[in-house]
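Summary of structural features
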Amino acid sequence: QAQLVESGGGLVQAGGSLTLSCVASGSIVNPVALGWYRQAPGKQRELVAVDTGGLTNYADSVKGRFSLSRDNAGNTVFLQMNSLKPEDTAVYYCKAVKRVFFTLQEYWGQGTQVTVSS
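Notes on the structure follow.

Basis of the calculations
Per chain, residue numbering runs from 1 following the sequence as it is written. pLDDT decides what is reported in this predicted model: residues at 70 or higher carry local features, side-chain atom pairs at 80 or more are listed and counted, and totals for whole chains, interfaces and linings draw on all residues regardless. The side-chain quantities take in all heavy atoms of the structure and omit both hydrogens and water. Numbering of helices and strands starts at the N terminus; helices are DSSP runs of H or I of at least 4 residues and strands are runs of E of at least 2. To get the radius of gyration, use the C-alpha atoms; to get the globule rule, take the number of residues to the power 0.38 and multiply by 2.2 Å. Partly exposed residues are those whose accessible area sits between 20% and 50% of the maximum for their type, while under 20% is buried and over 50% is exposed, using a 1.4 Å probe and protein chains only. In what follows, residue pairs with any heavy atoms lying within 4.5 Å of each other are defined as contacts. Criterion used throughout: strands pair if DSSP finds at least two bridges between them. Angles shown run from 0 to 180 degrees and are taken between the N-to-C directions of axes, each axis being a line fitted to C-alpha atoms and, for helices, limited to the stretch in contact. Any carboxyl oxygen of Asp or Glu that lies within 4 Å of a side-chain nitrogen of Lys or Arg is treated as forming a salt bridge with it.

In terms of regular secondary structure, the chain is built from zero helices and eleven strands. Going residue by residue from the N terminus, the α and β elements of the chain occur as β-β-β-β-β-β-β-β-β-β-β. Expected size for 118 residues packed as a compact globule is a radius of gyration near 13 Å; at 14 Å, the chain falls within 12% of this value. Along the longest, intermediate and shortest principal axes, the C-alpha atoms of the chain span 45 × 25 × 20 Å. For the chain, the residues scored as buried account for 42% of the 118 residues in total. Intrachain contacts of the chain at a sequence separation of at least 6 include 57% that bridge at least 24 residues.

Spatially, four strands are ordered 1-3-8-7 in an open sheet, and the strand pairing comes out antiparallel. At either end of the open sheet lies a strand with only one pairing partner, and these are strand 1 (3–7) and strand 7 (66–70). Strand-to-strand twist in this sheet, taken as the mean axis angle between neighbours without regard to direction, amounts to 15°. As paired strands, strand 1 and strand 3 (residues 18–25) are joined by five bridges and run antiparallel to one another. Each residue of the ladder has a partner; that of glutamine 3, found in strand 3, is serine 25.

Turning to the pattern of salt bridges, a few remarks are in order. Summed over all chains, the structure comprises six salt bridges. Aspartate 88 serves as the salt-bridge partner of arginine 38, at 2.9 Å between the closest nitrogen and oxygen. Taken together, the positions of arginine 38 in strand 4 (residues 33–39) and aspartate 88 in the loop between strand 8 (76–81) and strand 9 (90–100) put the pair 50 residues apart, joining distant regions of the chain. Residues arginine 38 and aspartate 88 agree in their burial class; the two are buried. A salt bridge links glutamate 106 to lysine 95, with the shortest nitrogen-to-oxygen separation between them at 3.2 Å.

Take a look at the structure:
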């Protein structure tokens, strides 16, 4: 069974830190890409950070504050979020991209709420 399990969201004051984790399991193991997106109320879902196997891309808004790491097995990513701002408040979704034969399939986690109070 394909599954992305997220954890680590919560409420934090501005300037604080949180770490999100996402574990891919089942048929999603060893995805070609694994990372995080977020969606704030009334806004579109946007990229936060993604690891594409040696390369990590960050949204400009989080560069220097957020850090994405991936374990050696390639199935878990950690998003270390420092110097959090109220505008970081959103539901954070883990996304995995898995190669299946000649296609790429996307998988999404259920989302975890991050709330940053001012």
